[in-house]
Amino acid sequence: MEKRKMEKLGIETSLLGFGCMRFPVTADGKIDEPEAERMLDKAIAEGVNYIDTAYPYHDGQSEIVVGKVLKKYDRSSYYLATKLPLWKVEKLEDVRAVFEEQLAKLQTDYIDFYLMHAVAKERWDKMLEIGCIEELERLKAEGKIKYLGFSFHDSYEVFEEVLGHRDWDFCQIQFNYMDVDEQAGIRGYELAKSKGVPLVIMEPVKGGSLSKFADDIMGKFRQLDETASASSFALRWVGSFPGVKVILSGMSTMEQLEDNLKTFSPFRPLSEEEKAVVEDVAATIRGRVQNGCTGCRYCMPCPAGVNIPGCFSAWNTYHMYQNYNVVKWNWENNIGEAQQAKNCVKCGKCEAACPQKLSIRKDLEKVQADLDKKEMIL
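Being a predicted model, the structure only gives us computed values, none of them experimental.

Caption draft 1: Fine view of the packing of aromatic side chains. This structure, assessed with the given rule, holds 22 aromatic pairs. Here phenylalanine 150 and phenylalanine 152 contribute two aromatic rings whose centre-to-centre distance is 6.5 Å and whose plane-to-plane angle is 80°, an arrangement assigned as edge-to-face. Note on phenylalanine 264 and phenylalanine 267: the rings are 5.8 Å apart at their centroids and 20° apart in plane angle, and the pair reads as stacked. Comparing phenylalanine 264 with phenylalanine 267, the two get one shared label, buried. Three or more aromatic residues link up through ring pairs in this structure, and these residues are Tyr50, Tyr79, Phe113, Tyr147 and Phe170. Between lysine 105 and the ring centre of tyrosine 55, over which it is positioned, the NZ or CZ distance is 4.6 Å. Of note, arginine 166 hangs over the ring of tryptophan 168, and the distance from its end group to the ring centre comes to 4.9 Å.

As structure tokens, this is what we get:
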């Protein structure tokens, strides 16, 4: 198993981290505990020493299952990461109360890597106002937290602000070959690396979007290695960046775990030829975008309540990855019936305001028709 040294912290972690947000589940949606334990045992036996969970994973059950499994191991033999759910913190007292609840669920006296979960501008400002960071620093001084960091979901500018606020022990960002310009992105990677802040990476396979492709893309990968999975190329792309110390993978099956163990044992950075192919794959995916909506929101608000930029984002993403599951939650829940394209009354107000001069009304018809199919194009 490939190990990476976090020079700032003086420790060594496995490059592959076990993400515990996608454990195998039973028919009723509960964690399949025997199989989850079997997978964690296998990962640990093969050298994985970074185990990542969080308060909301599996409706609050992930921390409990992780605590049960890890109880049988020497506490010094692994690094345990979990996260403070900022959305549950309304006042300062909540920080310690939630943390103590997590210790109990995880059956441990301390957390190795503790993160402020899903930091974004609004939540960040609120945490500053109530003194959340100072309370976390007190928990660290008490020995209950070893390393303090944050996971991030906002723009690069906000990332720059958060990273510069204090001397963080580590940070966690979304990073993959399709998202170099999204959220913190490549600029965030470079900024953290320049400050010597170890990087933990989430979404290296973009929630599974980079794990399965039609034959046109898979053919490109197979020319390099007939036996390698699409996921392995995504993981190796991330691991080729030296500032990356842990790559989290949320594994749901033993087959996924075994494939990942193969990728990291031993780990090989991408060759120049492989990098070129990955860049070509990324260009192919981006070439499937259906229209040029930039999300500028000049078309909003829509008199009929349609979330025009949201609809186009879901539509473009659906075609890019040719997989309805990639947009299912966003389309059905975040956008929902009331804001879907079908509510367009064709008034044309949006088109008059669109700087890209898009045929919004016609495109909204296509959005609804395509996403109503709920199909895998693959």
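The rest of the description comes next.
Caption draft 2: Just the packing of helix 12 (residues 308-321) against helix 13 (residues 328-339), in detail. Their axes nearest at 11 Å, the elements helix 12 and helix 13 cross at an angle of 140°. Considered as vectors, helix 12 and helix 13 are oriented oblique to each other. Two packed elements cross with a definite hand, and for helix 12 against helix 13 that hand is left-handed. Taken together, the residues of helix 13 that come into contact with helix 12 (itself represented by Gly310, Cys311 and Ala314) are Asn330, Trp331, Ile335 and Gln339. Here the residues of the contact of helix 12 with helix 13 sort into four nonpolar, three polar and no charged.

Caption draft 3: Quick peek at the side chain of histidine 319. Tracing the backbone through its elements, the reader meets histidine 319 in helix 12. Here histidine 319 falls in the buried class, since its relative accessible area comes to 16%. Here aspartate 370 takes part through its side chain, which lies 2.7 Å from a polar atom of the side chain of histidine 319.

Caption draft 4: Structural view of the environment of alanine 36. Among the secondary structure elements, alanine 36 is positioned in helix 1 (residues 33-45). You can call alanine 36 buried: its relative accessible area is 0%. The sequence separation of alanine 36 and cysteine 350 amounts to 314 residues, and the corresponding C-alpha distance is 49 Å. In this view, alanine 36 contacts Phe23, Pro24, Ile31 and Val65; residues no more than four positions away in its chain are not counted.

Caption draft 5: How the structure looks around the packing of helix 2 (residues 62-70) against helix 3 (residues 92-106). Their axes nearest at 7 Å, the elements helix 2 and helix 3 cross at an angle of 45°. One finds that helix 2 runs oblique with respect to helix 3. Where helix 2 abuts helix 3, its residues Glu63, Ile64, Val66 and Gly67 lie against Gln102, Lys105 and Leu106. Looking at side-chain class alone, the contact of helix 2 with helix 3 contains three nonpolar, two polar and two charged residues.

Caption draft 6: How the structure looks around the state of the cysteines. What the rule picks out here adds up to zero disulfides. Of all cysteine sulfurs in the structure, the one in cysteine 354 sits closest to cysteine 296, which takes part in no disulfide; the separation is 6.3 Å.

What counts and what doesn't
- Residues numbered from 1 in each chain as written.
- Predicted model: local features only at pLDDT ≥ 70, side-chain atom pairs only at ≥ 80, totals over all residues.
- Heavy atoms only, no water.
- Phe/Tyr/Trp six-rings, centres within 6.5 Å; stacked < 30°, edge-to-face > 60°.
- Buried < 20%, exposed > 50% of the residue type's maximum accessible area, 1.4 Å probe, protein only.
- Lys NZ or Arg CZ within 6 Å of the ring centre and 35° of its normal.
- Axes fitted to C-alpha atoms, helices over the stretch in contact; angles between N-to-C directions.
- Helix = DSSP H or I, 4+ residues; strand = E, 2+ residues; numbered from the N terminus.
- Parallel < 35°, antiparallel > 145°, perpendicular 65-115°, else oblique.
- Left-handed = near helix turned anticlockwise from the far one by under 90°.
- Contact = heavy atoms within 4.5 Å.
- Nonpolar A, V, L, I, M, F, W, Y, C, P; charged D, E, K, R; others polar.
- Polar contact = N/O pair within 3.5 Å; in protein donor to acceptor, adjacent residues only side chain to side chain.
- Disulfide = S-S within 2.5 Å.

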